Structures are given as structure tokens and as C-alpha cells.
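Coordinates in review
The lines below spell out each chain.
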Amino acid sequence: MLDHTPVEFVEREVLTINPAKTCQPIGAAWAALGIHGCMPLGHGSQGCISYLRMQLSRHLREPAVSATSSFSEASAVFGGIGNLKQAVRNVLHIYKPKVIAVYTTCVAETIGDDVGGTIKVMYEEGDIPEGVKVIHAATPSYRGSHIWGFSNMTAAMATQLARKGSPNGKVNLIPGFVEPGDVREIKRIVGAMGVPAITFPDVSDVLDTPMTNEYRLYPKGGTRVDELIDTANSLATVALGRYTSKDAAVRLENEFGVPAKVLPLPIGIKNTDLFLMAIKEITGKEIPEEVEDDRGRLVDMLGDINYHFHGKKVAVHGDPDTVLGILSLLAEMGMEPVHVVTGTPADGFVEEAKRIIGEDANVKCPGDLFYLHQLIKNEPVDLLIGNTHGKYIARAEDIPFVRIGFPILDRSYGQYFPIVGYLGGMRLVKMIDDALLDRADRDASDEDVELIM
Ligand code: SF4
């Protein structure tokens, strides 16, 4: 028996119940894996790195590698610099990476280990061989979320690897915290326009590798170090997602004069249009017919069955850039997002969400899933969109549920398919339509079920 009794809200400042986010190192490791030949190295306790590897592997159904400096009680109390130095030496000796990307954990940040200074000394003392790069990002989890971790590590690539040289005529593309299938789709679109690009971080062919009967610790994908160095010489940087990609783009602009263009994630028609027009403006390249046709098919889909979507109330939770993109698509579909929650602290998120869906919507940032559940109890919705953790709300309130975002732990294969671009929009529309029709089928009488279409 469902209990739809409205609940009384209690504003909470220091208590999070069912967080709508996870910890910074997960995002940092995800970004680091988008560098070709990179071994992420978590500076801290083994448990933190075991946790993030487990989360990534459950989400991807693929191994996600990361080394650790493996704190003991002594290093947690007196400092872990000795562990860090030994860990870097061990990784170089055993795993022979082209890049080591060091990210910190809560305890390493709390004791104040000077990671950047230590790496500098290791370079000076010849501990790090010629041609190998060691970069680092501060990623304490008592600030921000995995999105901050992703952003910090991506910015570290721009500031610690980029070097001024000759103009390369390329566009830097920062796809944000998205699935390998999304990166692949963004590259396909830009490739179809004939635009030479440096995409970073690039997790395609790293986190969605094909079975070849040969294990490769470093898969063929990922942005090469020479490409990352060359980002300082590009025509411009197109950063997709203000909260994941802007920092890196702004640093390339400030330090090397590479103009930054910060755009929303290209989810839905308008956001994809913005992306394509920006690329066209920067390069002068035309948008090819095959991409225009994709757009036309998405518009056609929305026109054909708009009555399935129009006026349906939706609740959305997840990462800020992803949520804003989904809100834009939902508005194009004629749906009514009424409750929106992100767990990531994100300046300007509430204002931007309300600009897209209207002032009356409940938008919480940062918020948690308990709060979202309260909102839904007080004003029920026709559909919930979010990551795996939303399913408990969907079960409790008997709401159709579409799984989008991170993590997705109870469904498989999401990393292979895009939600960005016109093709990604078509996939999202189908997922939403299927969820609504499955529910209509379930609830229809024997006489009426054949009328559901
Ligand atoms: S929140 Fe901090 S202590 Fe917990 S797993 Fe993440 S980095 Fe480790």
C-alpha cells in the first residue's frame, strides 16, 4: 500500500541523508583514465582507492585501474610523503606508465602533504625518467563531489602539461564527465565536420574496450601526452559543461591565450545546436548533411508523439551539467520538470535550472535524495530520472524510472551509448517514452491495453 501522505519539510544544514553525489577521487580517477598510458595514483588509504575502483567497475562492468600510496596509521598521523615517493617509484618500475596522475584523498589533504612540491623534488633528483609525466590534483572529499574531482584533474592536465609552441589549427574539446559512448559521439560529430580536434580527457577505447583476447593494462584509447602538451597551441577550447570542463578551458585561455568557449552539455536539440554552431564559428567548417539529418529525425520524433510527453511532471537528480542538459531536453519535449536536485555544490545551478524550466520548480543545490523524496511525496510526479540510487524512491512511490547518470549499478552497458548529440537525444526520448508506455500498459484494463500506443 503506497503512502502518499504529504510530509513536513525540515531544513537541514549539517545532515545529509542518501547523498546525491560521491567523492572527489572517483571523478579524478575517471579523468586520469582518459589519458593514454596513464596510471592514476591515489594518495591515501587503500580503502578509498578500493572503494572508487569498485564503484567504477560496477558502473562500467570493466576493470578500472588505480594504484595507491597505501597509508598506514603512521603516515595518516605523521605525513605520507615517504609513501608517495615510494609509490611513484614502484608504479614507474612495475607498471611503466607514460603518465602518473596523483589525486589526493581526505586524509592526505587533512595532514597537509605537499604533493606538488614532492613531485617537483622527484623530478629534480632524477626519480622520474625522461619522457614520463607526473601530474597531480588536490581532491579532498569534504569539499565538492566527484564532479569537482573530475574538474580538478582535467584542469591539472591543462596547467601541468600544456606548453606553448606553434599554432596547430586544432580545436580543444573537453567533453566533461560523460560516458565513453558520449565522447565517441562528440568525436564522430566533429569528425564529420572535418575539424581536427584534441579531445581531453578521452575515455573512449579505455573504459569501453573491445574483447581482443589480449589484456592491455593501457588500452589504445586516451588522449596522448603530446596532444595534451599541444592544447596550448589550439585555435580555441570548447568546454562542454560549466561544472566539469570550464576550469581547464579558462586556464588554457589565461595562461596561453587559447580562447575558451564554455557551453552546456550537448543534450537535446538546442544544446547540440549551440555546440555545432560554436565549432562552425571557430573553424568555418559547415555542418554536414548527415548531422542535419540526425537533427531532423530527433525533431520528427518529438512531433510524432508529443502527446505522450506533454504536461507530464518529472523529477530529476544527478550531476549538475547532466541535469541541466536533461532539463533542456525535457522542456523541448513539453514535459514539466517540477523537482530537481543535485548533490554537487554548483554556483549558479539553481538560477540556470529555473531559467530553463521556470521559476516555480523546486530546485535544490546541494541537496540529497531524502529531500527529493520529500518533494515527490508532497507533489507526485509521472516520471523520475536519475542514477541508480533513485530507484528506491521510484519503488516507494511507484513511479516510472529512467536511469541516467553516475553511478548506474543495477543496469549494464550504459557506457556504450550516448545521451549527447542528436543521436543521444533520440535515445533519451525513446527511454522516456518506453518507461511511460510500460507504465500505461501495466495500469490499463484488459479492454484498454490495446489502445496504448
Ligand atoms: S570520502 Fe574521503 S575518506 Fe571517504 S573514500 Fe572518499 S576520499 Fe576516502
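Residues numbered from 1 in each chain as written. Predicted model: local features only at pLDDT ≥ 70, side-chain atom pairs only at ≥ 80, totals over all residues. Heavy atoms only, no water.

**Structural notes on the overall build of the protein chain**
- Summing up its helical and strand segments, the protein chain has 18 helices and 13 strands in all.
- The globule rule puts the C-alpha radius of gyration for 453 residues at 22 Å, and the 23 Å found for the protein chain is close to it.
- C-alpha atoms of the protein chain, sized along the principal axes, occupy 80 × 55 × 45 Å.
- Summing over all exposed atoms, the protein chain offers an accessible surface of approximately 19,600 Å²; the carbon and sulfur share of this is 52%.
- Of the side-chain charges in the protein chain, 44 are positive and 60 negative, and the distance between the mean point of each set is 6 Å. (Helix = DSSP H or I, 4+ residues; strand = E, 2+ residues; numbered from the N terminus. Rg over C-alpha atoms; globule rule 2.2 N^0.38 Å. Areas by Shrake-Rupley, 256 points an atom, 1.4 Å probe, with all protein chains shown as cover. Lys, Arg positive; Asp, Glu negative; His and termini not counted. Charge placed at Lys NZ, Arg CZ, Asp CG, Glu CD.)

**Structural notes on the sheet that holds strand S4 (residues 133-137)**
- Taking strand neighbours across the sheet as the criterion, the four strands line up as S2-S1-S3-S4 in an open arrangement whose pairing is parallel. The two strands at the open ends of the sheet, each matched to only one other strand, are strand S2 (67-68) and S4.
- Pairing analysis gives two bridges linking strand S1 (residues 38-43) to S2, with the strands arranged parallel. Residue pairing in the sheet places Gly 42 in a bridge with Thr 68 of S2.
- Across the face of the sheet, helix H1 (residues 24-32) comes into contact with S1 and strand S3 (99-104) while running at roughly 170° to S3. (Pairing = 2+ DSSP bridges. Contact = heavy atoms within 4.5 Å. Axes fitted to C-alpha atoms, helices over the stretch in contact; angles between N-to-C directions.)

**A word on the packing of aromatic side chains**
- For the structure on display, the rule yields five aromatic pairs.
- When the centroid spacing of 5.9 Å and the interplanar angle of 75° are considered together, the rings of Trp 30 and Phe 406 count as edge-to-face. Within this pair, whereas Trp 30 is found in helix H1, its partner Phe 406 is found in the loop between strand S13 (401-403) and helix H18 (421-443), the two being separated by 376 residues in sequence.
- What makes Phe 406 buried here is its relative accessible area of 5%.
- Between Tyr 413 and Tyr 416, the ring centres sit 6.5 Å apart and the planes meet at 40°, which makes this aromatic pair tilted.
- For Tyr 413, a relative accessible area of 55% translates into the label exposed.
- Grouped by ring-pair contacts, the aromatic residues Trp 30, Phe 150, Phe 177 and Phe 406 constitute a single cluster. (Phe/Tyr/Trp six-rings, centres within 6.5 Å; stacked < 30°, edge-to-face > 60°. Buried < 20%, exposed > 50% of the residue type's maximum accessible area, 1.4 Å probe, protein only.)

**Here's the deal with the site of the ligand**
- In the region of the ligand, the neighbouring residues are Cys 23, Pro 25, Cys 48, Tyr 51, Thr 105, Cys 106 and Ser 141.
- Residue composition of the shell around the ligand, by class: five nonpolar, two polar and no charged. (Near = heavy atom within 4 Å. Nonpolar A, V, L, I, M, F, W, Y, C, P; charged D, E, K, R; others polar.)

**Overview of the packing of H1 against helix H2 (residues 46-60)**
- At a minimum axis distance of 9 Å, the contact between H1 and H2 shows a crossing angle of 60°. Considered as vectors, H1 and H2 are oriented oblique to each other. Where H1 crosses over H2, the handedness of that crossing is right-handed. Contacts between H1 and H2 involve Pro 25, Ile 26, Ala 29 and Trp 30 from the first element and Tyr 51, Leu 52, Gln 55, Leu 56, His 59 and Leu 60 from the second.
- Of the residues in the contact of H1 with H2, the class split is eight nonpolar, two polar and no charged. (Parallel < 35°, antiparallel > 145°, perpendicular 65-115°, else oblique. Left-handed = near helix turned anticlockwise from the far one by under 90°.)

**Side note on the domain arrangement of the protein chain**
- One can read the domain layout of the protein chain as domain 1 (24-143), domain 2 (171-209 + 219-284) and domain 3 (294-443).
- Taking only C-alpha atoms, the centre of domain 1 and the centre of domain 2 are 25 Å apart.
- Note on domain 1 versus domain 2: buried area summed over both sides is about 1,300 Å², and carbon and sulfur give 68% of it.
- Considering only the surface of domain 1 that becomes buried against domain 2, Trp 30, Gly 34 and His 36 emerge as the three largest contributors, covering 46% of it.
- The tally of links between domain 1 and domain 2 comes to zero salt bridges.
- Taken together, the connections running from domain 1 to domain 2 amount to six residue pairs in polar contact (both at pLDDT 80 or more).
- When residues of the side of domain 1 that touches domain 2 are traced back to their parent elements, those giving at least two are H1 and H2.
- With three residues, H1 is the single largest residue contributor to the side of domain 1 that touches domain 2. (Domains from an automatic or database assignment. Buried area = accessible area lost by both parts, 1.4 Å probe. Salt bridge = Lys/Arg side-chain N within 4 Å of Asp/Glu carboxyl O. Polar contact = N/O pair within 3.5 Å; in protein donor to acceptor, adjacent residues only side chain to side chain.)

**Quick word on the sheet that holds strand S6 (residues 197-199)**
- In space, the four strands of this open sheet follow the order S6-S5-S7-S8, with parallel pairing throughout. The two strands at the open ends of the sheet, each matched to only one other strand, are S6 and strand S8 (260-263). Neighbour-to-neighbour, the strand axes of the sheet open up by a mean angle of 20°, direction not taken into account.
- In the sheet, strand S5 (residues 171-174) pairs with S6 via three bridges, with the strands oriented parallel. Bridged to Leu 173 within S6 is Thr 199.
- Here helix H8 (residues 180-192) sits on the sheet and contacts S5, S6 and strand S7 (236-240); the angle it forms with S6, its principal contact strand, is near 175°.

**Overview of the pattern of salt bridges**
- In this structure the tally under the stated criterion is 24 salt bridges.
- Across the pair Arg 442 and Asp 398 runs a salt bridge whose closest N-O atoms are separated by 2.8 Å. Taken together, the residues span a long stretch of sequence, with Arg 442 in helix H18 and Asp 398 in the loop between helix H17 (391-397) and S13 at a distance of 44 residues.

**Quick notes on the packing of helix H4 (residues 81-95) against helix H6 (residues 115-124)**
- The contact between H4 and H6 brings their axes to 11 Å, and the two run at 50°. Judged on the interaxial angle alone, H6 and H4 are oblique. The handedness of the crossing between H4 and H6 comes out as right-handed. Facing Ile 81, Leu 84, Lys 85, Val 88 and Arg 89 of H4, the residues of H6 in contact are Val 115, Thr 118 and Met 122.
- Residues of the contact of H4 with H6, tallied by class, amount to five nonpolar, one polar and two charged.

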